[in-house]
Amino acid sequence: MVLKTRILIVDDEMDALDLMEELFLKHGYETFTAKNGIEALNVINEKEPDILISDMVMPEMDGIKLLDIVT
């Protein structure tokens, strides 16, 4: 069984989020999405992604704070 690389995409702009998700799915990655850092932390705890791609400026918790917490 081949495991797919899991990518978490975090962005509050739905168009950007949808575009990135579609791109990574097309290339065979397993993707998860979140609209802000708080939502992303929940996904990280449940799904344990291999890669995190995050917008820097978002409501609730921005990308910088998110990266501070997960690294």
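Residues numbered from 1 in each chain as written. Predicted model: local features only at pLDDT ≥ 70, side-chain atom pairs only at ≥ 80, totals over all residues. Heavy atoms only, no water.

(A) Focus on the overall build of the chain. Assigned secondary structure in the chain consists of three helices and three strands. In terms of overall dimensions, the chain is globule-like: its C-alpha atoms have a radius of gyration of 12 Å, near the 11 Å expected for 71 residues. Looking at the chain as a whole, 25% of its 71 residues qualify as buried. The contacts of the chain with a sequence gap of at least 6 include a subset with a gap of at least 24, amounting to 58%. Of the roughly 4900 Å² of accessible surface on the chain, a fraction of 53% belongs to carbon and sulfur atoms. (Helix = DSSP H or I, 4+ residues; strand = E, 2+ residues; numbered from the N terminus. Rg over C-alpha atoms; globule rule 2.2 N^0.38 Å. Buried < 20%, exposed > 50% of the residue type's maximum accessible area, 1.4 Å probe, protein only. Contact = heavy atoms within 4.5 Å. Areas by Shrake-Rupley, 256 points an atom, 1.4 Å probe, with all protein chains shown as cover.)

(B) Representation of a negative patch on the surface. A cluster of acidic residues, Asp12, Glu13, Asp15, Asp18 and Glu22, forms a negative patch on the protein surface. Glu13 gets classed as exposed once you look at its relative accessible area, which sits at 51%. (Patch = residues over 30% accessible without salt bridge, like charges linked within 9 Å, V, L, I, M, F, W, Y side chains within 5 Å. Salt bridge = Lys/Arg side-chain N within 4 Å of Asp/Glu carboxyl O. Lys, Arg positive; Asp, Glu negative; His and termini not counted. Charge placed at Lys NZ, Arg CZ, Asp CG, Glu CD.)

(C) Representation of the pairing of strand E1 (residues 6-10) in the model. Here E1 lies mainly inside the structure; four of its five residues are buried. Pairing geometry for E1 and strand E2 (residues 30-34), over five bridges, is parallel. Looking at the pairing, Ile7 lines up with Thr31 of E2. Inspection of the sheet shows E1 paired to strand E3 (residues 51-54) by four bridges, in the parallel sense. Residue pairing across strands places Ile9 opposite Ile53, the latter belonging to E3. (Pairing = 2+ DSSP bridges.)

(D) Representation of the side chain of Asp11 within the structure. Looking at the secondary structure, you find Asp11 in the loop between E1 and helix H1 (14-26). Here Asp11 sits buried without a salt bridge, and the closest side chain of opposite charge, Lys35, lies 12 Å off (N-O distance). Within the structure, the side chain of Asp11 is placed 2.8 Å from the backbone nitrogen of Glu13, a separation counted as a polar contact. If sequence neighbours within four positions are ignored, Asp11 has contacts with Ala16, Leu17, Met20, Ala34, Lys35, Asp55 and Met58. (Polar contact = N/O pair within 3.5 Å; in protein donor to acceptor, adjacent residues only side chain to side chain.)

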